[in-house]
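# Working through the structure, step by step
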Amino acid sequence: MAAAATTDWVRLTLNTAYSDVFVWYDDSRGEQVRPALTAPPPPLGSEWVPFPSAGPPGQVLWPARATQFLLGMLARLPIVRPTALEHEDDVTRLAVLVNGPVPSDWPATRDRLRRVLETIGLNDSRIVLMPESRPGGHPAFSLPFDVVVTTADHDDLTGSAGRLVSTLTDEERQAALRIRYTAGIDPDVSADVLVTSAAELSSSSDAVLHLRPRVVVAVGPVDPGVLPAGTSLVMLDPEAEVGPAVFAGRLLREFTHDLPLHEAVTTAAADLGISATLRTTPAGLDDLRLSSAVQSFQDRTHDLPRYHSVGRPSASAFSYLVPPADQLNIAADRAQTIDFEFLRESSGFADLARAEHAWALAQPERQMIDTAGRAIAAQPDALDDLVQSQKRRATLWLTHDRTASAGFRVYRIDERAVLAHGRTYALHVGIGIDWPTDLVDAGALPIGQILPPTSEAEHALDVAVFSSTAEILDQPSQRLSLPRMGPSEILDFRLRMPTGGDSCLVRVHIYHRGHILQAFALRITLDSQEGDAGRPVLRAELVYSRRRQLRDLDDIPPRLLSIATNDDNNGSHRLMFGDTGGAVRLNESHIKPARDFLRDQMADVFALLDSAGHVPSETFERRIKAMALRGQDLWGKFFDEQQQVQDKLDEVAAATTGTLQVVRLVPGFAFPWAMLYDWDLPGKVAEIEAAVVCRGVRGGQVCDCGPTTGNFCVRGFWGIRLVVEELVAQQDADDYITSVSGADDFPTVVSTVGLVHEDHWAMTMIDTLAKGLGPGRCEDLTADQSLLVRLWDPHRRPAVLVVVGHLTTALVDSESRHPRIYVRATEKYLDTANLRTAKRTNGTRRWEKPYRPIILLLGCDTGRTGLDDMHSFVSSLSSAGAAAVIATEGKIDTRLAGELACELVPALAERGAGEALRYWRSQLMADGNPLGLVFTCFGSAGAVVPALAVRTP
């Protein structure tokens, strides 16, 4: 929604004291200079500067500090008002209002002030001095211009005004300009502009007070006391050869160029070769600006796109209940194509008049739709059916920010538009809105299909906008209301483009209860000025989206924070912090060393394990301290100047439980989230050395450490205190699963151990699972069974797959060249290639809900993905349809793998995969072993296996 332009002004308040005139200063920026009135002559270094005067009432004393403010106000103005197309040689003028006991001889007062202002360096051609009227307000201005003429030359106005509306139809002209002639001032005939005489004003003062026109144009001296508060007055010389109606016609012409009142009056008088005196207020300067009318129109019609195309047929059997919206669609199109330049009468003024006319014609349809909506709401069956039939997708479009700097502009911003360096634009975001210049592909997944059903009147969503190059001038995160039926409201974000470069990327993310629903990448082409590329160069690409299965989202707790990560293609990554709208950039030079540090620490711990799998206490404490210090340093890089990000991170630090959601928009991005440490630590070297590590448990209970305790506690790690849920963006793998089932009459859990030699710990794992789950609940594959066939057969697919095997990258003549993990099955090993082949062989069919297994991929480095590797094991299994994958990102042995499987698989009966992993990690930490941090949960961290809760006798 465009903001109305406001005109800068300066007020000089005159105070008569000690036979002199003291001037006080204030301006539209809020600056004030009002020194105390002192008896002259002012001492050296005084706050007052005297200016002798040839006539009474004495000298003028100017406030010394006001000079810098006044010159600064003038410097803020553009040299030329760009909307005054035919007056390109005329400079822009600063409005200087004179208040206080202004003498009746205004010309003499004006001349004295001019001399003062010229002396301090103010060019007379850049200012308009005028007396200030009594303050008062008017309703927001909107078309038509209502003009009432009482003078005999009214025909002159009718002729000149006709040229302003020559491109409009008769009906549209009524929405643009309405001129009426009355023999006297009629209090019942509304007027924005009253053209009359001084004598008529004096004799009809009561009628004028009732009428409250915005501007009065009168011939002859007028007593300001007869005018209502807030009414501006233009007085014309009675000796002028031009009548008031002719002047009013020229004044209207300048209004169509969006000139403020003082410049419109000055320009009109100069064109006609006459003098005119203006008396107005700060608000009166903008009272009849066309941009004010545009603002008023947009305020009244801001929800118009919510009706746009609402009457189109749907797949619902109840679609006949929704009335047509043909005229509303026309009105929406008209509103969207208003030209904000106001360079010609046929552009902005005429466009706005057409839009106002279309809006008036659309009112009956709007009322019919509102009435139909209330009737539908009273019929639950009809409402539910219509709600289900809606195909509401996200809509993004750009418009010019009319208050931005001027210059050549394309007519409207569509997919072919090239935007200009340094210019400001408005990004609009809505859902279910059919907009002509929508930048989102029409085939994008409707967001309405993702949201869970609700009995509430609306969904409360959050929209966050991120950019590393464009400046976001408004709040970067805003709440969006999406009603059960129909389109959403519209959110507006002003963006300032970078001053250089040939492109810009803006990201728009939509969240529900902390869960990311969809992410868009708005790719913008830039140049020194706007243009038409002749081909699509401006687009909003859907880079991440949940799927239809997220409709049970209300059963999933809100996320503490959702962090989306992307690759900036320059060796850095951007981390976007959910609905805060904040983001930070981390270089790979920060990330890779931290990632390697965690793996090295875990490898050192692994090498020191004794025969019972225990870590020496001294080693444990030393490694925990090192990882906590490194994790806190890494966490500290998340803080930036955006307070909302810091507040959210503080909330996370204070949370004792909860889930953090990480969305890898670039699947290959790997980050040691589990090692991040957000609690206070000792600061001094001696304190660090002397500190004792708390293992998170005291007396069999969770310890009472907290974010400000200032000691080393394992619960300060994100991976111990919180569930870290990593979602890997896949074009077809972004469903969210809460419950997993295996095929009926087949084992719920299948394991496969791909080891060259029989392993005691692997065999112990198989036996423990079989005994713990009961007969027939767990199956260990044999070498003559196909694992891939089993996985792609929904009638035999397990709910949980446990893979324990050796991972190798060594080249073997008879094996794949890809990294592979050995399994006991006919395939002998799994790699990303044979997973893709299996998917293609089965018609690229994904595993369907609820038969979406949780997979434990327990080998060395199976979770590691190179930054450019789109087909790691995790990505491939997620794309195939796995609900969740728990994988290792460091060196482990079969003993640790077996311990994890034996603890985690039974826990899946009640705990989600992420919470089950977190709990096992914390138990391992309590035993003095940090190796649980090498495991990561990808996918739906809340997925459980209810069948495991039923034990077989």
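Below, the structure is looked at part by part. (Residues numbered from 1 in each chain as written. Predicted model: local features only at pLDDT ≥ 70, side-chain atom pairs only at ≥ 80, totals over all residues. Heavy atoms only, no water.)

On to the overall build of the chain. On a plain count of helices and strands, the chain comes out with 24 helices and 40 strands. Partitioning the intrachain contacts of the chain with sequence separation of at least 6 by distance along the chain shows that 73% fall at a separation of at least 24. When the accessible surface of the chain is summed, it comes to about 38200 Å², and 50% of that surface belongs to carbon and sulfur atoms. (Helix = DSSP H or I, 4+ residues; strand = E, 2+ residues; numbered from the N terminus. Contact = heavy atoms within 4.5 Å. Areas by Shrake-Rupley, 256 points an atom, 1.4 Å probe, with all protein chains shown as cover.)

This brings us to the packing of aromatic side chains. One pass over the full model with this rule turns up 17 aromatic pairs. Residues Phe 671 and Trp 673 carry aromatic rings whose centres are separated by 4.4 Å and whose planes lie at 55° to one another, so their mutual orientation is tilted. Among the aromatic side chains, those forming a connected cluster through ring pairs are Phe 577, Phe 638, Phe 671, Trp 673 and Trp 718. Geometry around Phe 597 places Arg 630 over its ring, the cationic atom sitting 4.9 Å from the centre. One cation-aromatic arrangement involves Arg 911 over Tyr 919; the distance from NZ or CZ to the ring centre is 4.0 Å. (Phe/Tyr/Trp six-rings, centres within 6.5 Å; stacked < 30°, edge-to-face > 60°. Lys NZ or Arg CZ within 6 Å of the ring centre and 35° of its normal.)

Here we take up the packing of helix 7 (residues 244-255) against helix 8 (residues 261-272). It is at 9 Å that the axes of helix 7 and helix 8 come closest, and there the two elements cross at 130°. Considering their axes alone, helix 7 and helix 8 lie oblique with respect to each other. As helix 7 runs across helix 8, the sense of the crossing is right-handed. The residues of helix 8 that touch helix 7, namely those facing Val 246, Phe 247, Arg 250, Leu 251, Arg 253, Glu 254 and Phe 255, are Leu 261, Ala 264, Val 265, Thr 267, Ala 268, Ala 269, Asp 271 and Leu 272. (Axes fitted to C-alpha atoms, helices over the stretch in contact; angles between N-to-C directions. Parallel < 35°, antiparallel > 145°, perpendicular 65-115°, else oblique. Left-handed = near helix turned anticlockwise from the far one by under 90°.)

Glancing now at empty space enclosed by the protein. Under the counting rule described, the total for this entry stands at two cavities of 30 Å³ or more. In this structure, the largest cavity encloses a volume near 220 Å³. If you go around the largest cavity, you meet 22 residues; those closest to its centre are Ala 674, Glu 889, Leu 933, Phe 935 and Thr 936. Elements with a contribution of two residues or more to the lining of the largest cavity: helix 14 (588-607), strand 31 (723-728), helix 24 (913-926) and strand 40 (935-939). (1 Å grid on protein atoms, 1.4 Å probe; cavity = no way out; pocket = protein on both sides within 12 Å on 5 of 7 lines; lining within 4 Å. Points joined across faces, edges and corners; volume = space filled by probe spheres on them.)

A word on the side chain of Thr 894. Relative to the assigned elements, Thr 894 resides in helix 23 (residues 894-907). Overall, the relative accessible area of 17% leaves Thr 894 in the buried class. At 2.8 Å, the side chain of Thr 894 and the side chain of Asp 759 are in polar contact. Thr 894 has contacts with Leu 755, Asp 759, Trp 761, Ala 762 and Val 804, leaving out every residue within four places of it along the chain. (Buried < 20%, exposed > 50% of the residue type's maximum accessible area, 1.4 Å probe, protein only. Polar contact = N/O pair within 3.5 Å; in protein donor to acceptor, adjacent residues only side chain to side chain.)

Let's shift gears to helix 23. Because an α-helix packs 3.6 residues into every turn, residues spaced three or four apart end up facing the same way. In this model, helix 23 (14 residues) spans 20 Å end to end at C-alpha, consistent with the 20 Å of a helix rising 1.5 Å per residue. Taking burial as the measure, the 14 residues of helix 23 include ten buried ones, the bulk of the element. Within helix 23, the full set of buried residues consists of Thr 894, Arg 895, Leu 896, Ala 897, Gly 898, Leu 900, Ala 901, Leu 904, Val 905 and Ala 907. (Expected span 1.5 Å × (residues − 1).)

What follows deals with the sheet that holds strand 20 (residues 491-496). Strand order across the open sheet formed by four strands is 14-16-20-18, with antiparallel pairing between neighbours. Only two strands of the sheet have a single neighbouring strand rather than two, namely strand 14 (394-400) and strand 18 (471-472). Bridge analysis of strand 14 against strand 16 (residues 424-431) gives seven bridges, and the strand direction is antiparallel. By the bridge assignment for strand 16, Ala 394 is matched with Ile 431. (Pairing = 2+ DSSP bridges.)

Of note, Leu 722 is situated in the loop between helix 18 (718-721) and strand 31. Overall, Leu 722 belongs to the buried group, its relative accessible area being 0%. Separated by 162 residues in sequence, Leu 722 and Leu 560 have C-alpha atoms that sit 9.5 Å apart. Excluding its chain neighbours within four sequence positions, the residues that come into contact with Leu 722 are Leu 560, Val 652, Ala 655, Thr 656, Thr 657, Gly 658, Leu 660 and Arg 918.

Turning our attention to the sheet that holds strand 12 (residues 232-236). One open sheet accounts for six strands, arranged 9-8-10-11-12-13; its pairing is mixed. A single partner strand is all that each edge strand has here, and the edge strands are strand 9 (177-181) and strand 13 (276-279). Ignoring strand direction, the axes of neighbouring strands in this sheet form an average angle of 15°. Across four bridges, strand 12 lies against strand 13 in antiparallel orientation. Pairing of Leu 236 across the sheet is with Ala 276, part of strand 13.

This paragraph deals with the side chain of Asn 711. For Asn 711, the position within the fold is in the loop between strand 30 (701-702) and helix 18. Judged by its relative accessible area of 18%, Asn 711 is buried. Once you skip the residues sitting within four places of it in the chain, Asn 711 turns out to touch Tyr 677, Asp 680, Leu 681, Pro 682, Cys 694, Arg 698 and Cys 705.

In terms of nonpolar packing, the biggest core is built from 73 residues, with Phe 717, Val 800, Val 802, Ile 854, Leu 858 and Phe 935 touching the most fellow members. The biggest single contributor to this core is helix 23, with seven residues. Excluding its chain neighbours within four sequence positions, the residues that come into contact with Leu 858 are Val 802, Val 803, Val 804, Gly 805, Ile 886, Thr 888, Ile 892, Ala 897, Leu 900, Ala 901 and Phe 935. If you look at the next biggest cluster of nonpolar residues, it comprises 66 residues, including Leu 236, Ala 264, Ala 268 and Leu 304. (Core = buried A, V, L, I, M, F, W, Y, C linked by side-chain atoms within 4.5 Å.)

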